[in-house]
Amino acid sequence: MRSHEQRQKGVYEVLEWLEKEKSHYMHQFWCCVFKDHILQLYPTLRLLRSSLLDGTFSFSEKPVVEEGLTEKKQTEGNGEKEERKNTRKRKKNEKTSENSDGPGPSSVSTPIKKKPAKKPSFSSSVEKGDTQEIWKWPFYKSQLPVSCGNKEGTLQRDRLAKGEECVFAQGHWFTPSAFEQYGGKKRHKNWKLSIHCRNTPLKKLIEEGHLQAPPMKQRKRTCVQNSMTELFPVSSSESSSAESSTLMEEERDADDFEKQRGQVGVMEFRGRGEKEEVEEEAEMEDLSVFQTPYLPVKCVSISGMLHKYRFASGLRGKCIRTDGGWFTPDEFVRLEPSLTDGLWKRDILCHDKTLNFLLKKEILRIHLLLCKCEKCSDQEHDLLAQKNDDICYVCDSVGKLLCCDECPRAFHPNCHLPAVHGDTPGEWMCTFCVLRANQQWFYSMTEQDALNAPVSQNRLQCQYLLLRVYREDVQRVFVKDPRRTVARYSQFISQPMWLDRIKQKLEHVEYQTVGEFVSDFQLIFSNCSRLNKDNEFGRMGARLKELFEKEFKTIFTI
């Protein structure tokens, strides 16, 4: 490429192709561009990287073409003024010379100034008098510089058309309505008129077809309207005005669309039913409930456990564990079928507080855009590792873990039943998944038939029951021999029993029937009740007994 303009155009074409065709490689592309040896050669890239990291990056509204045009106009204007001035002087001198016969000793001849040479100016494809419609320029094909009040940002065209958060300003993504509020135009409640692109409201660009707005979603409010009509009858004129105001309200709700990736410190509003939910402002004095490594979260009817050390952002870092797997906050919100416009910062609650509240209190921290940690990585092996637990499902401790290929559970080879020795060839399924896959072949039976059934034909069910009790015994109270941990235990209990002992007997085929296997569990529960009565350990044993009996009836389809 010979000229600077051709090289610049070629770079833009490559970046545009990469964004459209290979968008999943954008993170990897910028990581390669921002290598240390490249940054040392190109100071401009160093400035670009620094502005991206600190959030000060913004698109320039005046490209080189416009700057050249401005300089050209100024130069031409100065030249025209100078030429008009010189022309007037020449005419005056000509009239003076006509009245006089010739130059005498007392006459003074006025020298004629030469026309100054025009200064070189930049050439531009934009003609004089153009309205500077930058939204038609190829450079702004994918984004536009916008402003609202004293706030400036960059509008992504494709995001606006999809109904996503599309305005990027000060390091955060905004919906149009949120950016309107951020710019101090909250009272207008019409972002199409409040947000401008070079003094032109977005509404005009949408009407002329330069921007594509998302389809309008109307929400029914007939329940509230009907009930109010029954209580307070109104005239026809009042009724028509109420209907028009309701339609305006629906239009505002439709414009106030939200998806994922909210912004810290900016409240967002939306209508849900007849009630408008607002991000809470109230301060919470006691934050001790949020200091645990795992936080219980819910989104309407979906619940899970948020692991703080796994959190990276809304779209990165699978940090919420449910019975079905690991999810990012954005994926977790999408699990709720009743939410069509869910926003993870607002709709996920932890102890009745939103995740946005946790971000403000720095209980959760969002990673930088160019973060290279394993949670933010888009490499296949890192994404695969996030789908499984980091601790053993049975004993809740770290170490060398064996991950199930069907569910998020992970186990120590010796904690799993049956124990896994050596490397597993190909895909491996845990006992929970094997049982779920074969449960359709189990037939119903009575409790007595289940107790009389041979263990050899029901080993999978016995292993499952033992693993469930192991899992629920969080404090490991019933795992080891109680005679080694409880003083004078043998003086009160003549037949001690513990979970590791049941596991040993099951692995060494010491049980003949399922009833023998169940009786050892009943012995653990009765010993606990006899020794602890109604204290904390006694209640813990009662809960385990209730769980065991429920799972026993379910697994044997009694």
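Residues numbered from 1 in each chain as written. Predicted model: local features only at pLDDT ≥ 70, side-chain atom pairs only at ≥ 80, totals over all residues. Heavy atoms only, no water.

Student: What is the right way to look at the packing of helix α18 (residues 459-472) against helix α20 (residues 499-507) in this model?
Tutor: For any two helices packed against each other, the geometry is given by the interaxial angle and the distance between the axes. It is at 11 Å that the axes of α18 and α20 come closest, and there the two elements cross at 165°. Viewed along their axes, α18 and α20 adopt a mutual orientation that is roughly antiparallel. Handedness of the crossing formed by α18 with α20: left-handed. Contact residues: α18 offers R459, C462, Q463, L466, V469 and Y470, while α20 offers L499, D500, I502, K503 and L506. Here the contact of α18 with α20 is built from residues that sort into 7 nonpolar, 1 polar and 3 charged. (Axes fitted to C-alpha atoms, helices over the stretch in contact; angles between N-to-C directions. Helix = DSSP H or I, 4+ residues; strand = E, 2+ residues; numbered from the N terminus. Parallel < 35°, antiparallel > 145°, perpendicular 65-115°, else oblique. Left-handed = near helix turned anticlockwise from the far one by under 90°. Contact = heavy atoms within 4.5 Å. Nonpolar A, V, L, I, M, F, W, Y, C, P; charged D, E, K, R; others polar.)

Student: Whenever I open this one, the pattern of salt bridges confuses me. Can you help?
Tutor: Note that side chains of opposite charge can pair when their charged atoms are close. Counted by the stated rule, this structure contains 14 salt bridges. When the shortest N-O distance is used, the salt bridge between R334 and D330 registers 2.9 Å. Taken together, the positions of R334 and D330, both in helix α12 (residues 329-334) and 4 residues apart, correspond to about one turn of that helix. With relative accessibility at 53%, the residue R334 sits in the exposed group. Given the relative accessible area of 4%, D330 is considered buried. Bridged by salt links that share partners, the residues R468, E472 and E551 form one connected network. (Salt bridge = Lys/Arg side-chain N within 4 Å of Asp/Glu carboxyl O. Buried < 20%, exposed > 50% of the residue type's maximum accessible area, 1.4 Å probe, protein only.)

Student: What should I look at first to understand the packing of aromatic side chains in this one?
Tutor: For any pair of aromatic rings, the description consists of the separation of the ring centres together with the inter-plane angle of the planes. For the coordinates displayed, the defined rule picks out 18 aromatic pairs. Arranged with centres 5.1 Å apart and planes meeting at 70°, the rings of F517 and F521 form a pair that is edge-to-face. With F517 and F521 both in helix α21 (residues 514-532) and 4 residues apart, the pair spans about one turn of that helix. Its relative accessible area of 0% is what places F517 among the buried residues. The class for F521 is buried, based on a relative accessible area of 0%. Among the aromatic residues, those joined into a cluster by ring pairs are Y511, F517, F521, F525, F548, F552 and F556. The cationic tip of K151 hangs over the ring face of Y182; the distance from NZ or CZ to the ring centre is 5.0 Å. The ring of W326 carries the charged tip of R310 above its face, separated from the ring centre by 3.7 Å. (Phe/Tyr/Trp six-rings, centres within 6.5 Å; stacked < 30°, edge-to-face > 60°. Lys NZ or Arg CZ within 6 Å of the ring centre and 35° of its normal.)

Student: Would you take a moment to explain the nonpolar core for this structure?
Tutor: What tends to happen in soluble globular proteins is that the nonpolar side chains get buried as a cluster. In terms of nonpolar packing, the biggest core is built from 47 residues, with L466, L499, F517 and F521 touching the most fellow members. Of all the elements in the fold, those that place two or more residues in this core are α16 (431-438), α18, α20, α21 and α22 (536-555). For this core, the element with the highest residue contribution is α21, accounting for 8 residues. Discounting chain neighbours no more than four positions away, the residues touching F521 are L466, V469, L499, I502 and F548. Counting residues in hydrophobic clusters, the runner-up holds 22 residues, among them L144, C148, A169 and W191. (Core = buried A, V, L, I, M, F, W, Y, C linked by side-chain atoms within 4.5 Å.)

Student: Would you mind showing me how to read the pairing of strand β10 (residues 302-307) here?
Tutor: Consecutive side chains of a regular strand alternate in pointing toward one face of the sheet and then the other. Both strand β9 (residues 294-299) and β10 contribute to a ladder of 6 bridges, which runs antiparallel. Of the residues in β10, the one forming a bridge with K298 is S303. Connecting the antiparallel pair β9 and β10 is a turn made up of 2 residues, with V300 showing a positive phi of about 60°. (Pairing = 2+ DSSP bridges.)

Student: Help me understand the packing of α18 against α21, please; the structure alone is not making it clear to me.
Tutor: It is at 11 Å that the axes of α18 and α21 come closest, and there the two elements cross at 10°. With respect to α21, the axis of α18 lies roughly parallel. Across the interface between the two elements, C462, L465, L466 and V469 from α18 touch V514, F517 and F521 from α21. Partitioned by chemical class, the residues of the contact of α18 with α21 number 7 nonpolar, no polar and no charged.

Limitation: the analysis is restricted to geometry and does not speak to function.
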